[in-house]
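Observations on the model geometry
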Amino acid sequence: MTENRRVLDAKNLSVEIEVPSGTLHAVTDVSLHVDKGETLGIVGESGCGKSITSLAIMNLLPSKATRTASRLQLEGKDLLSLSERQFASLRGNRLGMIFQDPMTSLNPVYRIGEQLEEVYIQHGKGNRKEAKERAAYLLDKVGIIAPQERLSQFPHQLSGGLRQRMMIAMTLMCEPSLVIADEPTTALDVTMQAQTLNLLSYLQDEFNMGLILITHDLGVVARMADRVLVMYAGKAVETGTSQEVFDQPTHPYTQGLIQCIPVPGRTSTDGRLGSIKGMVPALIGDLRGCMFRNRCAYVSEKCHASEINFNEISPGRGYRCLLEESECAGNLAGNFGTEIVQ
Amino acid sequence: MKNDSSNPQVQSARKPNEELPALECKNVGRTFMIGKGFLSSKKPLRAVDDVSLKINRGQVFAVVGESGCGKTTLARMLLGLLEPTEGAIYLDGQPISEVSSDMISRKVQPVFQDPYSSLNPRKTIESIISLPLRVHDIGTKENRLERVSELMRLVGLPNRLIHSYPNQLSGGQRQRVAIARALIMEPGIIVCDEPTSALDVSVQAHILNLLQDLKDRFNLTYIFISHDLAVVEHLADWVAVMYLGRLIEFGPATEVLRNPLHPYTQALMESVLTPDPRKGLPEITFGRGLPNPLAPPSGCYFHPRCSKIKDGCDSKLPKLLPESDRLVECHLYN
């Protein structure tokens, strides 16, 4: 990919938060990039740093948090040196965000139309009339029938699926180059989920946007993402195209996650699901060794002491584990045989 | 629990009659009157409409459907929290309206969706789990404490959490507390309303495995309400698919979910996103969400969204008829 197709480029992004008991290493040394029209899926359990990573990119971190990075660029423009005011002019403009719960992210006392138009006017894209036209055009794009009527309604008058469409339309008002969707369909029914994701991927093609999809739903990531970043305890533990990651999960954590989900036709009623024992560790203080070691089935002496490097197998494909790639690949096959298929 | 003889009061409360279905619904319906606004008259909303089911002992009975299809209303009726406006529910062969609420709660217990809001934040774990014992005035303080420890061990909670508060626990631990609380009365039937949808996948796997272990160990009957069909396929023996309050397909879980007959069940199964990167997103051809339940469509309720619509679908309501070994409510099979 040539440089000018690159929408977001982040290198060695770290976020530390000062808490009473010490320093919380929320995100450590995460590098990611997104090209135009490309979808990057970030997966992991709650508390693994997915959302903090997205907030760090948006510069929306809590005031006690400090962000460091060796590079953070949006469309070739350096974001690290921007003031808060300059950043505010990017958010909602070049950088869009779709949150999980559309009921809490839409203002209940303003009409839908006002909320959509505000973004457009705020960023100086045009006057009220043009904003109205743009809003109606986008509502039509997101598949809302009778957009004019909907624009004068309040958020509570819409169903969950419709509200999420409104959120998507609002994000697109200024035609951002990058959209970060944080669990966009978690609150929706399965049927609405598939429709909303279809819509999102259609709009992504239409407007040629980069998309970061943050979710814990592996099904959503497998179907939507071009590339996948698996995070654990604030670190990237595995990256690759979604085919690579789902076909040959290399890190024991990725393998564990994939075994946790019931898949129709594969798991049987009498069988038990694979599971990852234990819990996400606290990330406070001086962290040493592999953070997954307490939950890992392949833990050895070396995992406790040494710093675990990120092994790059090929450009864009890598994992953070002391095991050799061939050792890891064998593990999964063995586990599927004994634990899942009955 | 079953072989625990230290608790004679709980033992005597159980009168299992293995011959009868654990729960049975006969033409059950529930209508709510909804006031649309000031001065305008109230309209009936049929949340559950003419549902007949038999739930056998020791099996997992799943109810699936989109939000608003009446799953939760049905669950609340089975728990004895709501009275059906039509038809009757039988608990161990006895009409549930004649069973005292005391007795219902000894036989049927719920596990709710959101362990963050279903546990009292001001009570300790010990007090939450032992509440049913105190309500029913069972045992002394000491043997209640003993029972709580026993149940915590059973559901995999470390004993050191006994004096903690819910906010000190993770989501998975809270759901374990909810399960322990449901089990302390040794009910035969547990109604799980979306027990894992608020949890992470890894925690979900733990809870589902725990539910299966407990079922095998104590021969529990589960009524499992969920919209996650992958979970249902993994866990359930029987599946009932609901749409706008009506039962539209019913049968053994593997058959219904692997070879769905009703177009709605087919569409639901197509929407399940399995983690297969080679498949793209499914094309969902049917319309946007449930129609207004205050004014359900004429004929078959599903016809406005159905891709296999034919003559007559919009004028007459199909009957729930047996098709091979299951029941389907669709004109295609009548």
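Calculation criteria
- Residues numbered from 1 in each chain as written.
- Chains lettered and ligands numbered in written order.
- Predicted model: local features only at pLDDT ≥ 70, side-chain atom pairs only at ≥ 80, totals over all residues.
- Helix = DSSP H or I, 4+ residues; strand = E, 2+ residues; numbered from the N terminus.
- Rg over C-alpha atoms; globule rule 2.2 N^0.38 Å.
- Buried ≥ 20, exposed ≤ 12 C-beta atoms within 10 Å, placed from the backbone.
- Contact = placed C-beta atoms within 7 Å.
- Core = buried A, V, L, I, M, F, W, Y, C linked by C-beta atoms within 7 Å.
- pLDDT = per-residue confidence, 0-100.
- Pairing = 2+ DSSP bridges.
- Axes fitted to C-alpha atoms, helices over the stretch in contact; angles between N-to-C directions.

Attention now moves to the overall build of chain B. Of the regular secondary structure elements, chain B holds ten helices and twelve strands. Taking 334 residues into account, the globule formula puts the C-alpha radius of gyration at 20 Å, and chain B, at 21 Å, falls close to it. Counting only C-alpha atoms, chain B reaches 70 × 50 × 50 Å along its principal axes. The burial tally for chain B puts 46% of its 334 residues in the buried class. Contacts spanning at least 24 positions in sequence make up 64% of the contacts within chain B whose residues lie at least 6 apart.

With that settled, consider the nonpolar core. Within the largest apolar cluster, 182 residues are counted, with the highest numbers of intra-cluster contacts made by Ala-62, Ala-180, Ile-223, Phe-224, Val-232, Ala-236 and Val-239 of chain B. Considering every element that reaches this core, the biggest residue donor is helix H7 (residues 160-172) of chain A, with seven residues.

With 92% of its residues at a pLDDT of 70 or more, chain B shows a mean pLDDT of 86. Scoring the predicted complex yields pTM 0.85 and, for the interface, ipTM 0.82.

One can find Ala-222 of chain A in helix H9 (residues 218-224). For Ala-222 of chain A, a count of 23 C-beta atoms within 10 Å translates into the label buried. Beyond its immediate chain neighbours, meaning those up to four positions away, Ala-222 of chain A contacts Ser-242 and Phe-246 of chain A together with Pro-275, Asp-276 and Pro-277 of chain B.

All names here are of chain B. Spatially, eight strands are ordered S6-S7-S8-S3-S9-S10-S12-S11 in an open sheet, and the strand pairing comes out mixed. A single partner strand is all that each edge strand has here, and the edge strands are strand S6 (108-111) and strand S11 (320-323). When strand polarity is set aside, the average angle formed by the axes of neighbouring strands in this sheet is 20°. Bridge count for S11 against strand S12 (residues 326-329) is four bridges, and the pairing is antiparallel. What sits directly across from Leu-320, in S12, is Glu-329.

Once that is clear, we can look at the pairing of strand S12 (residues 311-314) of chain A. Residue and element names in this part refer to chain A. In this sheet, strand S13 (residues 317-319) lies alongside S12 in antiparallel orientation, the contact comprising three bridges. For Asn-311, the partnering residue across the bridge sits in S13 and is Tyr-319. Counted along the chain from S12 to the antiparallel partner S13, the turn is two residues long, and its residue Gly-316 has a positive phi close to 85°.

Moving on, we come to the environment of Asp-311 of chain B. All names here are of chain B. Secondary-structure assignment places Asp-311 in the loop between helix H10 (263-271) and S11. Asp-311 gets classed as exposed once you count the C-beta atoms within 10 Å, which come to 7. The spatial distance from the C-alpha of Asp-311 to the C-alpha of Arg-326 is 24 Å, given a sequence separation of 15 residues.

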